[in-house]
Amino acid sequence: MEFESQNTERKIIEASLRVIEKYGISGTTTRKIADEAGLSEVTLFRKFKSKEGIIKEVKNYCSQYFVDLVNDTFSYEESTPLEAYLEKIFLFLVNLPNYDFNIIKLALEEGHEVSDGEKVFKSIFESIMEKLSGFFTLKIKQGEIRAVNPEVLALNIFGIIFEATVLWRLYDLNPKGDFNQYFTDFMDIILNGISSEA
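Since the structure is predicted, the reported quantities are computational estimates derived from the model, not experimental observations.

Here is what the cut-offs are and how they apply
- Note on numbering: residues in each chain are counted from 1, in written sequence order.
- Given that this is a predicted model, residues contribute local features only at a pLDDT of at least 70 and side-chain atom pairs are listed and counted only at 80 or more, while totals for whole chains, interfaces and linings are drawn from all residues.
- With hydrogens and water stripped out, all remaining heavy atoms of the structure feed into the side-chain values.
- Per the convention used, a helix needs a DSSP run of H or I reaching at least four residues, while a strand needs a run of E reaching at least two, with both numbered from the N terminus.
- A simple rule labels every residue: compare its accessible area, found with a 1.4 Å probe on the protein chains alone, to the largest value its type can have, and call it buried under 20%, exposed over 50%, or partly exposed in between.
- N or O atoms closer than or at 3.5 Å make up a polar contact, with two conditions inside protein: a donor-capable atom paired with an acceptor-capable one, and, for residues adjacent in sequence, both atoms drawn from side chains.
- To pair, rings of Phe, Tyr and Trp, with the six-membered ring standing in for Trp, must have centres within 6.5 Å; the planes then decide the type, stacked if under 30 degrees apart, edge-to-face if over 60, and tilted in the middle.

Before going further, it helps to examine unusual backbone geometry. Where the residue is not glycine, phi is negative for most of them; where a peptide bond is considered, it is trans in most cases. Non-glycine residue lysine 49 carries a positive phi angle of around 75°. By the secondary structure assignment, lysine 49 is in the loop between α3 (41-48) and α4 (51-73). A residue is classified by how much of its surface remains accessible, and lysine 49, at 64% relative accessible area, is exposed.

Encoded structure:
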């Protein structure tokens with residue numbers, strides 16, 4: 001019986017994510033979720049009590065899923081080369097499947113609709129910053145990059161890659177040429193700066 005209950009809850013969560021993808025959080029209704037899940041609204045309310053309860057559970061589910069994904073993707077060894085690590089992150093974000101990118105869209109929407117204390121997806125970005133800062137701290141100690149504030153570097157690197165991905169995926173503002181050349185140019189700017197002085 002418990003397996004069936006968990007199965008129904010997962011069905012509701014997955015249907016909710018699809019409805020949120022189509023209509024946004026504000027356009028999502030329990031009727032739309034029930035229709036998408038092939039269940040009655042009564043079943044939704046038995047499991048989650050309210051639309052807000054469903055949305056909260058969807059956010060918790062997606063947040064944990066994405067934190068696990070981030071922890072795997074942003075992991076590194078002491079010997080991981082700087083360029084290879086940044087390329088792995090770049091390719092991870094650029095090639096996110098639609099399901100995963102929809103979680104990012106949900107996180108962005110959450111950022112506009114709820115107070116800081118209620119932001120479930122904050123843990124995703126905290127995890128990313130922790131991993132990147134740790135990596136840059138290691139590379140500073142190893143002498144591969146000059147002594148800079150690793151947290152500022154992490155925020156800027158991730159900000160650039162993340163914003164580029166959002167612009168490409170949401171607004172179809174793709175770079176001229178191919179992604180390999182874009183990454184090569186990005187790394188040139190990161191490693192060599194923009195100053196004309198040698």
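It is worth spelling out the environment of arginine 31 at this point. Relative to the helices and strands, arginine 31 resides in helix α2 (residues 30-37). On a C-alpha basis, the gap between arginine 31 and lysine 51 in space is 9.8 Å, while along the polypeptide they are 20 residues apart. A distance of 2.7 Å separates polar atoms of two side chains, one belonging to arginine 31 and the other to aspartate 35.

Once that is clear, we can look at the packing of aromatic side chains. Scanning the model with the defined rule gives 15 aromatic pairs in all. Seen in terms of ring centroids, phenylalanine 90 and tryptophan 168 are 5.9 Å apart; in terms of plane orientation they differ by 90°. Their pairing is edge-to-face. Of this pair, phenylalanine 90 sits in helix α5 (residues 82-94) while tryptophan 168 sits in helix α8 (residues 150-171), and the two are 78 residues apart along the sequence. In this structure phenylalanine 90 comes out as buried when scored by relative accessible area, which is 3%. Measuring from centroid to centroid gives 5.8 Å for phenylalanine 125 and phenylalanine 162, while their planes differ by 80°, and the two rings are edge-to-face.

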